[in-house]
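An overview of the molecular structure
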Amino acid sequence: MNINTFNFELPENLIAQTPREKRDDSKLLVVDRKHETFWHNEFKHIINYMQAGDCLVLNDTRVLPARLYGTKKDTGAKMEILLLNESTPDCWEVLAKPARKLPVGATLVFGDKALVATCTEVKAQGKRLLTFTYEGNFYERIDELGEMPLPPYIKETLADQERYQTVFAKTEGSAAAPTAGLHFTEDMLDKLTVKGIQIVYLTLHVGLGTFRPVTVERIEDHQMHAEYYELTETVAQTLNETKKNGRNVFAVGTTTTRVLETVATKYDGNFQASSGWTNIFIYPPYQFQAVDGLLTNFHLPKSTLLMLVSAFAGKDLTLAAYEEAIKYHYRFFSFGDAMLLLPTEDD
């Protein structure tokens, strides 16, 4: 399938640069997949589209303030690094700028020497392996010294870094937020629970590969990036019971969807405790085994995220929904509005 199949024209003024004042004040475009119709609503009313016994699945990953600015110990040259993933304890794969100035053996100092890193391996595309030494707790040092790695299409400075975290963010490790979850408030989660909707959490640490453009003409030739995930036995049991009882599993975001489909594919449509790396690439046509309903933001043209949504709702209906969102001035991308793709009777 040609990459241009997933292209669309987006007015630049619809790219949200800052979050809304209140998380749940976002617009919600509801897509009825069965009848191929749209409804306009507010995110705070999403509870009306779920029933007791349904299961809402959220990604509890927490974004690291992963952009660090340091100096080379020997020359004092300024360097920027971006933490990508931890390969072994205290050893991280990073993206370095300017990478040519960071050979094996070079040492970087951050802050008042509270964090020091030595390059142990040179990798392709500006990547390096750094071994860190530090005082106290590594993540506390990162919180003190790092900046939130906002996506490249966001030009504004984020006044409150917690607005690029979900209210349920817990497990450190992401380079980007699972943005569909940014709309939820603690009060909304409480109301969903009171209604009888089961809320469970899994973890997928979002990598920067989520922003990597698809550069091949045929999407089948694209190599999907790998991301680390965890799904516990307790969550697996809840998901199996939901399916057994004929209720719906609602995935919040493409990251959650990728984990659920990875595990269901691995266990013949069932769920078991599972962890590891997934590079599942979901695009049309794809037979979903786990997800019945999908909550997602509006994504970039030609992106793997848009392809996943197109696999779930159908390419034509998805692009029609995007046209509807543009027509009614919905906000796009990370701090944008949301779209809820409803289950069908066949799910």
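Above: the structure in question.
Keep in mind it's a predicted model, so treat the numbers as computed, not measured.

The subject of this paragraph is the sheet that holds strand 5 (residues 67-72). Strands sit in the order 5-6-7-10-9-8 around a closed barrel of six strands; the barrel is antiparallel. The sheet shows a mean angle of 45 degrees between the axes of neighbouring strands, taken without regard to direction. Running at roughly 100 degrees to strand 9 (residues 115-122), helix 1 (residues 138-145) makes contact with strand 5, strand 6 (78-88), strand 7 (91-97), strand 8 (107-110), strand 9 and strand 10 (127-134) of the sheet.

Our focus in this paragraph is the sheet that holds strand 16 (residues 293-297). What the nine strands build is an open sheet, ordered 2-1-17-16-14-3-12-13-15; its pairing is mixed. Both outer strands of the open sheet, strand 2 (37-42) and strand 15 (274-278), are each paired with one neighbouring strand and no more. In this sheet, adjacent strand axes meet at a mean angle of 20 degrees when their direction is disregarded. Note: strand 16 against strand 17 (residues 338-341), four bridges, orientation antiparallel. What sits directly across from Thr 296, in strand 17, is Met 339. The sheet contacts of helix 4 (residues 253-266) involve strand 3 (55-59), strand 12 (198-204), strand 13 (227-231), strand 14 (249-252), strand 15 and strand 16, and relative to strand 13 the element is tilted by about 70 degrees. Sheet strands touched by helix 6 (residues 315-327): strand 1 (27-32), strand 2, strand 16 and strand 17. Its angle to strand 1, the strand with the most contacts, is close to 150 degrees.

This part takes up the pattern of salt bridges. Under the counting rule described, the total for this entry stands at 16 salt bridges. Between Glu 144 and Arg 141 there is a salt bridge, with the nearest N and O atoms lying 2.8 Å from each other. Of this pair, Glu 144 and Arg 141 both sit in helix 1, separated by three residues, roughly a single helical turn. Through salt bridges that share partners, Arg 62, Glu 162 and Glu 172 make up one connected network.

Let's shift gears to the packing of aromatic side chains. Under the defined criterion, the tally for this structure stands at 21 aromatic pairs. An angle of 80 degrees between the planes, with centres 4.8 Å apart, marks the rings of Tyr 286 and Phe 288 as edge-to-face. Given the relative accessible area of 16%, Phe 288 is considered buried. Here the guanidinium or amino end of Lys 27 rests over the ring plane of Tyr 330, the centre of that ring lying 5.0 Å away. For the cation-ring pair, Arg 33 lies above Phe 312, with the distance from its terminal atom to the ring centre recorded as 3.9 Å.

About the thresholds
- Residues numbered from 1 in each chain as written.
- Predicted model: local features only at pLDDT ≥ 70, side-chain atom pairs only at ≥ 80, totals over all residues.
- Heavy atoms only, no water.
- Pairing = 2+ DSSP bridges.
- Helix = DSSP H or I, 4+ residues; strand = E, 2+ residues; numbered from the N terminus.
- Axes fitted to C-alpha atoms, helices over the stretch in contact; angles between N-to-C directions.
- Contact = heavy atoms within 4.5 Å.
- Salt bridge = Lys/Arg side-chain N within 4 Å of Asp/Glu carboxyl O.
- Phe/Tyr/Trp six-rings, centres within 6.5 Å; stacked < 30°, edge-to-face > 60°.
- Buried < 20%, exposed > 50% of the residue type's maximum accessible area, 1.4 Å probe, protein only.
- Lys NZ or Arg CZ within 6 Å of the ring centre and 35° of its normal.

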